[in-house]
Each structure stands twice: as C-alpha cells, then as structure tokens.
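Inside the fold
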Amino acid sequence: MKKSNTMMAVPLVIFIVFLWFLWKGLSNDPRILESVLINKPLPQFSIESLKDKNIIIQSEAMPKTSYLLNVWATWCPSCRAEHQYLGKLKQQGISIIGINYKDEREAAIAWLQQLGDPYQLVVYDEAGQLGIDLGVYGAPETYLVDALGKIRYRHAGPMDETVWQSQFLPRINRLGKLGGKQ
Amino acid sequence: MNHLICRRHCWILCCLLMLPVSVLANIDAYQFDSIAEEDKFKKMIKELRCPKCQNQNLSDSNAPLAKDLRQKVYNMVKQGKAEQEITQYMIDRYGNFITYRPPMTIGTMILWFGPFFLLISALIMMTMRIKNKTADLNQPLTEEEKHRLQSIMKQHDKEAQ
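Heads up: these notes are all about the structure in this document. (Residues numbered from 1 in each chain as written. Chains lettered and ligands numbered in written order. Predicted model: local features only at pLDDT ≥ 70, side-chain atom pairs only at ≥ 80, totals over all residues. Heavy atoms only, no water.)

Let's shift gears to the overall build of chain A. On a plain count of helices and strands, chain A comes out with five helices and seven strands. For chain A, the residues scored as buried account for 43% of the 182 residues in total. In chain A, 70% of the contacts between residues at least 6 apart in sequence involve partners at least 24 apart. A total of about 10400 Å² of accessible surface is found on chain A, and carbon and sulfur atoms cover 59% of it. (Helix = DSSP H or I, 4+ residues; strand = E, 2+ residues; numbered from the N terminus. Buried < 20%, exposed > 50% of the residue type's maximum accessible area, 1.4 Å probe, protein only. Contact = heavy atoms within 4.5 Å. Areas by Shrake-Rupley, 256 points an atom, 1.4 Å probe, with all protein chains shown as cover.)

Next comes the structure, spelled out in structure tokens:
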C-alpha cells in the first residue's frame, strides 16, 4: 500500500517541475539571445580606425589585459544613454575598445568630440562584418574579453550601474583585475 | 499645338509614375548565374531567421541586419558554398536560434520525444495497474475471507426467509 502511494506522487512531482519551468519562462525575455561566442576567442579582424582611415587595426592589437568591447553607433539612442556611464568606467581605469557599427565616420567622430571619448581605440565597422562575426544583433552591445582574448560575457542593451554591478563586476573579479591600471 | 504639349506632359507623367516602381525593385536586386543558384538563395533566406525581428525570416525582414545577412548569404551562394556551410556560418555567429530547422540536441530531443515518452510510460503504468487488479481478483480466498463470505451469505439467507 505504501509503495503505491509513493508511485502516485511521481506524476505530481513531474507536474510541479513542469510548472516551475513554465513559471521561469514567464520572466524570460525572448529578445535576449545568448551569445554563442562565450568562452571562444574574439574573431580575427583587420579594420580601419575610426579616427584615421589610413590606420588599420588588427585583432592582435587588442589589449593584453581584460577589457570591454562596446558596439555603438550615432543612430542608436541607447548608445547615447550609456555613453556617460562608459566615461565613468574609463575614469575607473577600465579599458574600453569601441566598435563603431554601420555608422557615418564624420558623425561618429563629432559625437566623440561632443560627448567625450571613453575608448582606448575605436574601429570603424562600416559594413558591419565584424558585427556579423561577433553575432551582434543590435546596438549597443558590450562584451567582456579576458586577458587571453576570450569572450566571457555579452550584454545586449545599454550599460548602466545595475548591469555593471550585477553582471560585469562579479565576472571581472573572477577573472582577476581588469584594465590598464594594475 | 496645345494638344501636342498635353500629350507630351502625359508621357512625362507616365514616366514619373513608373519611376518609383523601378526604384523599389532595385533595392534588393540580386543577380544569379543560374536558376539553381537563385533557388538556393531563396530557400536559405526563408530558412534563416532574422535575429533582430525574431518572428520573421531573412527574406521577410526589413531590418538593416537582415539586409546585411541576406547580402552575406548571397555572397556565399555566389562563392558556391553548400547550404550546410551557409547555415553553419550563421549558427557559429548567432546560435541555433537563427535557423528554423534546429539540429538535434538534448534540449530539442526532449521536445521531440518527451511527449511520446510520457504517453508510453502512462500506458505502461495503466496496464500494470489493471493487471495487478485482475491478478488480485484471481487469487483464492484466505480463511478469514471465506469466513466473512459465509457469514455474509448466511445473513443474506436469513433476510431472504
């Protein structure tokens, strides 16, 4: 008799597990895609610098410490929203590499002059090919790349204090210290 | 003379009316060397999903990213890449999400076979229960049960009298 009682509980347990998954699914934003490049090396590239089209920046020139890779454009309102916060991160000694994504060079340079330049380097991805290689599906996006050149995290959407504290800092602390000032 | 001018104007008007149509058709004009190539391109952009506007395929979407990816598919088709290579190229960058024909993984296997598994296990459990019940019925009565049966029958006989 006791054995059949425990057998009766099995469907109930399965049902509760099922409910839990459905419940979790409710708070899932289907627009957020997980990057497939996590824990993979940054794609190779060789692109013009934003500020000088005669300078070609290779992927080998990326910092040898961990750094942030920020995809931005002047046509993207959220990029304007996060720009000030990127400046703050720069002041904290964090290296940020910019990817100017499918933008106009003059407008982008003017934007940096007007709003400040938080980037150590900006590459000019006019055709969006680096964007495709990175799996970019919108701007802004921010990647965390470690000292070995592996992508550790991708955040799609504007960077702010909450995202930085909850998503980036814990990962950076796990990786060791970030940025030039060490 | 007046009549002639009007005619000429009509002609210009007709040209103007046709203009936007031809411009629109030129936005996404791809040249193909063969029908097979064109079919492949059309098939690929129908099977690949736009990562930006998620319920549209590359063929339907007007998002700039979809346009870029269409161009990418076109270039790869022109280079003679196989369908699988093109799909793999996209999956390597955007994940399985990008294809409307996701490959078999543990996750998708649960989705495909989970319901059948549940159905079969439910059927097995049901038949086992039914078997147990009928097996109970075929058991000979114990001494105690025989006594109870007799007393019930006696009671019944008395009531009948």
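Glancing now at the pairing of strand β7 (residues 151-156) of chain A. All names here are of chain A. Of the strand pairs in this sheet, strand β6 (residues 141-145) and β7 are connected by five bridges, and their pairing is antiparallel. Of the residues in β7, the one forming a bridge with Y143 is R154. A loop of five residues connects β6 with β7, the two strands running antiparallel in sequence, and G149 in this loop sits at a positive phi of about 80°. (Pairing = 2+ DSSP bridges.)

We describe a pair of aromatic rings using the distance from one ring centre to the other and the angle between the two ring planes. Here the structure, examined in full by the defined rule, presents eleven aromatic pairs over all chains. With a centroid separation of 6.4 Å and an interplanar angle of 50°, the aromatic rings of W75 of chain A and Y101 of chain A are classed as tilted. Placement of W75 of chain A in the loop between β3 (67-72) and α2 (77-91) and of Y101 of chain A in strand β4 (residues 96-101) is noted, with a sequence separation of 26 residues between them. Under the relative-accessibility criterion, W75 of chain A is labelled partly exposed at 46%. Over the ring of Y89 of chain B we find R93 of chain B; its NZ or CZ atom is 3.7 Å from the centre of that ring. (Phe/Tyr/Trp six-rings, centres within 6.5 Å; stacked < 30°, edge-to-face > 60°. Lys NZ or Arg CZ within 6 Å of the ring centre and 35° of its normal.)

Taken residue by residue, the interface counts 17 residues in chain B and 19 residues in chain A. Interface of chain B and chain A: buried area, both sides summed, is about 1400 Å²; carbon and sulfur atoms make up 58% of it. Counting the surface chain B buries against chain A, the share from its top three residues, D68, R93 and Y94 of chain B, is 34%. Taken together, the links from chain B to chain A amount to two salt bridges. Among the ionic pairs, D68 of chain B bridges to K102 of chain A, the shortest N-O distance being 2.5 Å. The interface formed by chain B and chain A contains five residue pairs in polar contact (both at pLDDT 80 or more). Mapped by element, the contributors of at least two residues to the side of chain B that touches chain A are α3 (64-78), α4 (83-94) and α5 (106-138) of chain B. (Buried area = accessible area lost by both parts, 1.4 Å probe. Salt bridge = Lys/Arg side-chain N within 4 Å of Asp/Glu carboxyl O. Polar contact = N/O pair within 3.5 Å; in protein donor to acceptor, adjacent residues only side chain to side chain.)

A word on a nonpolar patch on the surface. There is a patch of nonpolar side chains on the surface, built from M104, M109, W112, F113, F116, I120, I124 and M128 of chain B and spanning about 880 Å² of accessible area. Along the chain, M109 of chain B falls in helix α5. (Patch = residues over 30% accessible without salt bridge, like charges linked within 9 Å, V, L, I, M, F, W, Y side chains within 5 Å.)

All names here are of chain A. Read from one edge to the other, the open sheet built from five strands follows the order β5-β4-β3-β6-β7, with strand pairing classed as mixed. The sheet is open, and its two edges are formed by β5 (121-125) and β7, each paired on a single side. Each neighbouring strand pair of the sheet contributes to a mean axis angle of 20°, computed without reference to strand direction. Bridge analysis of β3 against β4 gives five bridges, and the strand direction is parallel. Within β4, the position partnered with N70 by the bridge is G98. (Axes fitted to C-alpha atoms, helices over the stretch in contact; angles between N-to-C directions.)

Time to look at the environment of E83 of chain B. Residues and elements named next belong to chain B. Within the fold, E83 resides in helix α4. Residues E83 and K43, 40 residues apart in the sequence, show an inter-C-alpha distance of 9.1 Å. Excluding residues within four positions of it along the chain, E83 makes contact with K40, K43 and M44. For E83, the side chain forms a polar contact with the side chain of K43, separated by 3.0 Å.

Here we take up the environment of L69 of chain A. All names here are of chain A. As for its placement among the helices and strands, L69 is situated in strand β3. Judged by its relative accessible area of 2%, L69 is buried. Those residues in contact with L69 that lie beyond four places of it in its chain are L42, I97, I99, L134, E141, T142, Y143 and V145.

Residues and elements named next belong to chain A. Within the span of helix α3 (residues 105-115), buried status applies to R105, A108, W111 and L112. All buried residues of α3 project into a common sector of 125° when viewed along the axis, lining one side. Along α3, exposed side chains directed more than 90 degrees from the buried face belong to E106, Q113 and Q114. Looking at the buried residues of α3, the elements they touch are β1 (46-48), β3, α2, β4 and β5. With its phi angle positive at about 95°, G116 sits one or two positions after the end of α3. (Arc of directions from axis to C-beta.)

This part takes up the pattern of salt bridges. A side chain with one charge may pair with a side chain of the opposite charge, provided their charged atoms come close. In total, this model carries twelve salt bridges over all chains according to the counting rule given. Two residues, R154 of chain A and E141 of chain A, come together in a salt bridge whose shortest N-O distance is 3.0 Å. One end of the pair, R154 of chain A, is in strand β7; the other, E141 of chain A, is in strand β6, with 13 residues separating them in the sequence. Like E141 of chain A, R154 of chain A is buried. The shortest N-O distance in the salt bridge between E83 of chain B and K43 of chain B comes to 3.0 Å. With E83 of chain B in helix α4 and K43 of chain B in helix α2 (residues 35-47), this pair connects stretches of sequence that are 40 residues apart. With a relative accessible area of 28%, E83 of chain B lands in the partly exposed category. Taking relative accessible area as the criterion, K43 of chain B reaches 39% and is therefore assigned partly exposed. Within this structure, D33, E37 and K78 of chain B form a network of salt bridges that share partners.

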